[in-house]
2 protein chains.
Amino acid sequence: MKEIEKKLNDNGVRPTAMRILIYKYLAEKEVATSLTDIEMAFAKADRTTLFRTLKTFEKQGVVHQIDDGTGVQKYALCEPGCNCELEQDLHLHFHCNNCDETVCLTEHKIPHINLPEGFVAEDANLVLKGICDKCSGQ
Amino acid sequence: MKEIEKKLNDNGVRPTAMRILIYKYLAEKEVATSLTDIEMAFAKADRTTLFRTLKTFEKQGVVHQIDDGTGVQKYALCEPGCNCELEQDLHLHFHCNNCDETVCLTEHKIPHINLPEGFVAEDANLVLKGICDKCSGQ
DNA sequence: CTGACCTATGCAACGGAAGTGCATTTATTG
DNA sequence: CAATAAATGCACTTCCGTTGCATAGGTCAG
């Protein structure tokens, strides 16, 4: 518990009870999580609070946002030392068509792409879809 | 005009007046187009009709859907000979943060990625964001 | 030609999700 | 303890995708 408080403090986020719980939830879940997921888990909490908590986490580099093509924004904790905004740190995400879960493949960076003249890339998003390790093992 | 009719027929889409107009609009626009874009251009037409037309086009391989991370579904005409569903035909898309337009880079295929054991990729989506050729020239 | 039929179109409404404004509570600091 | 700032909760809006149902319009068999 204390580590979470410290982690949040280090990122400039005031460690309120709610925020610690949300952080803990994200840490245990280990897959990309939507606002609605969190809402289900914390039925008492207000959607707005959860929404703003995630936005705060994102701004302060605690989580990064993931667009996995489902049309729902998801979030996952940043790895220690993760610099989401830097192009070389962009890892890819895998969305399982079977269990509908999305995971970060932090070891797999997005390869560099040679663009046509005039195009300047600042950011990239790569999502692979298919069957994940848990589902393919069945 | 006749070519469009033929093209639609060849793809198993009945070439109604509306559909020909929509096809023409997409062809002239040359960038990924949202339902709302089309709605603006055809103020008299009903949103549902446009929506269903796009879905029909998609199913019949006339257009492919693009998720450029803006949270809005977009569509673009398939190139002749494009097999959107095949993995080797997956090209990448470029979203300009300045003019907000998304273009297909049909020449640039998504590079093959080696996934961890147990992961089976069936589909992929790569979106680069930055400044496009038109905007960087200014 | 005509009626039966299928398809396309139009209208209305729903539902999910992101987002905002404002009031209230909780925490921090002088 | 008072003053201030930050976090939380409630209500509401907007946007977009989507569906159900009724109608119009083209197609085809008899």
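Preceding this section is the structure that the text describes.
The structure displayed is predicted, hence computed values, not measured ones.

Engineer: It is not clear to me how unusual backbone geometry should be interpreted in this structure. Could you clarify?
Structural biologist: Peptide bonds are trans in most cases, and residues, glycine excluded, mostly fall at negative phi. All names here are of chain A. Positive phi outside glycine occurs at E30, with the angle close to 65 degrees. Mapped onto the fold, E30 is located in the loop between helix 2 (17-29) and strand 1 (33-34). One non-glycine residue, D100, adopts positive backbone phi at about 65 degrees. On the secondary structure map, D100 appears in the loop between strand 4 (91-96) and strand 5 (102-109).

Engineer: For this particular structure, what's the right way to read the layout of surface pockets?
Structural biologist: Using a probe with the size of a water molecule, rolled over the atoms, empty space left in the structure can be pinpointed. All names here are of chain A. Roughly 440 Å³ of volume is contained in the second largest pocket. Contributing to the lining of the second largest pocket are 24 residues, with E30, V31, L77, E79 and C104 lying nearest its centre. Broken down by secondary-structure element, the contributors of at least two residues to the lining of the second largest pocket are helix 2, strand 3 (73-77), strand 5 and helix 5 (133-136). For the lining of the second largest pocket, the element with the most residues is strand 5, which contributes 4 residues. Here the residues of the lining of the second largest pocket sort into 16 nonpolar, 2 polar and 6 charged.

Engineer: Explain the relation of the copies chain B and chain A to me, please; I cannot follow it from the model alone.
Structural biologist: The relation between the two copies of this chain is a rotation about an axis and a shift parallel to it. Once chain B is rotated about the relating axis by 180 degrees and shifted along it by 0.0 Å, it coincides with chain A to within an RMSD of 0.0 Å. Taken together, these values place the two copies in the relation of a two-fold axis. When each C-alpha of chain B is compared by its distance to the rotation axis, L126 of chain B comes out closest, at 2.2 Å.

Engineer: Got a minute to help me understand the pattern of salt bridges in this structure?
Structural biologist: A side chain of one charge can pair with a side chain of the opposite charge when the charged atoms of the two come close. Residue and element names in this part refer to chain B. Per the counting criterion, the structure on display carries 12 salt bridges over all chains. For K6, the salt bridge is made with D10, and the minimal N-O distance between the two is 2.8 Å. Highlighted residues: K6 and D10, both in helix 1 (residues 2-10), separated by 4 residues, approximately one helical turn.

Engineer: Help me understand helix 2 (residues 17-29) of chain B, please; the structure alone is not making it clear to me.
Structural biologist: An α-helical turn contains 3.6 residues, so a residue and the one three or four places further along point in the same direction. All names here are of chain B. Given a rise of 1.5 Å per residue, 13 residues ought to cover 18 Å, and the 18 Å separating the end C-alpha atoms of helix 2 matches this to within 8%. Buried residues of helix 2: I20, I22, Y23, Y25 and L26, and no others. Residues of helix 2 that are buried make contact with helix 1, strand 1 (33-34), helix 3 (35-41), helix 4 (47-59), strand 2 (63-67) and strand 3 (73-77). Two residues or fewer after helix 2 comes E30, characterised by a positive phi angle close to 70 degrees.

Engineer: How do you make sense of the packing of helix 2 of chain A against helix 4 (residues 47-59) of chain A when you look at a structure like this?
Structural biologist: Packed helix pairs are characterised by how far apart their axes lie and by the angle those axes make with each other. Residue and element names in this part refer to chain A. Two elements in contact, helix 2 and helix 4, have axes separated by 11 Å at closest approach and are oriented at 70 degrees. The angle between the axes of helix 2 and helix 4 places the two elements in the roughly perpendicular class. Taking contact as the criterion, the partners of M18, R19, I22, Y23 and L26 in helix 2 are, on helix 4, T49, L50, T53, L54, T56 and F57. Residues that form the contact of helix 2 with helix 4 fall into these classes: 7 nonpolar, 3 polar and 1 charged.

Criteria and cut-off values
- Residues numbered from 1 in each chain as written.
- Chains lettered and ligands numbered in written order.
- Predicted model: local features only at pLDDT ≥ 70, side-chain atom pairs only at ≥ 80, totals over all residues.
- Heavy atoms only, no water.
- Helix = DSSP H or I, 4+ residues; strand = E, 2+ residues; numbered from the N terminus.
- 1 Å grid on protein atoms, 1.4 Å probe; cavity = no way out; pocket = protein on both sides within 12 Å on 5 of 7 lines; lining within 4 Å.
- Points joined across faces, edges and corners; volume = space filled by probe spheres on them.
- Nonpolar A, V, L, I, M, F, W, Y, C, P; charged D, E, K, R; others polar.
- Least-squares fit on C-alpha atoms with pLDDT ≥ 70 in both.
- Salt bridge = Lys/Arg side-chain N within 4 Å of Asp/Glu carboxyl O.
- Expected span 1.5 Å × (residues − 1).
- Buried < 20%, exposed > 50% of the residue type's maximum accessible area, 1.4 Å probe, protein only.
- Contact = heavy atoms within 4.5 Å.
- Axes fitted to C-alpha atoms, helices over the stretch in contact; angles between N-to-C directions.
- Parallel < 35°, antiparallel > 145°, perpendicular 65-115°, else oblique.

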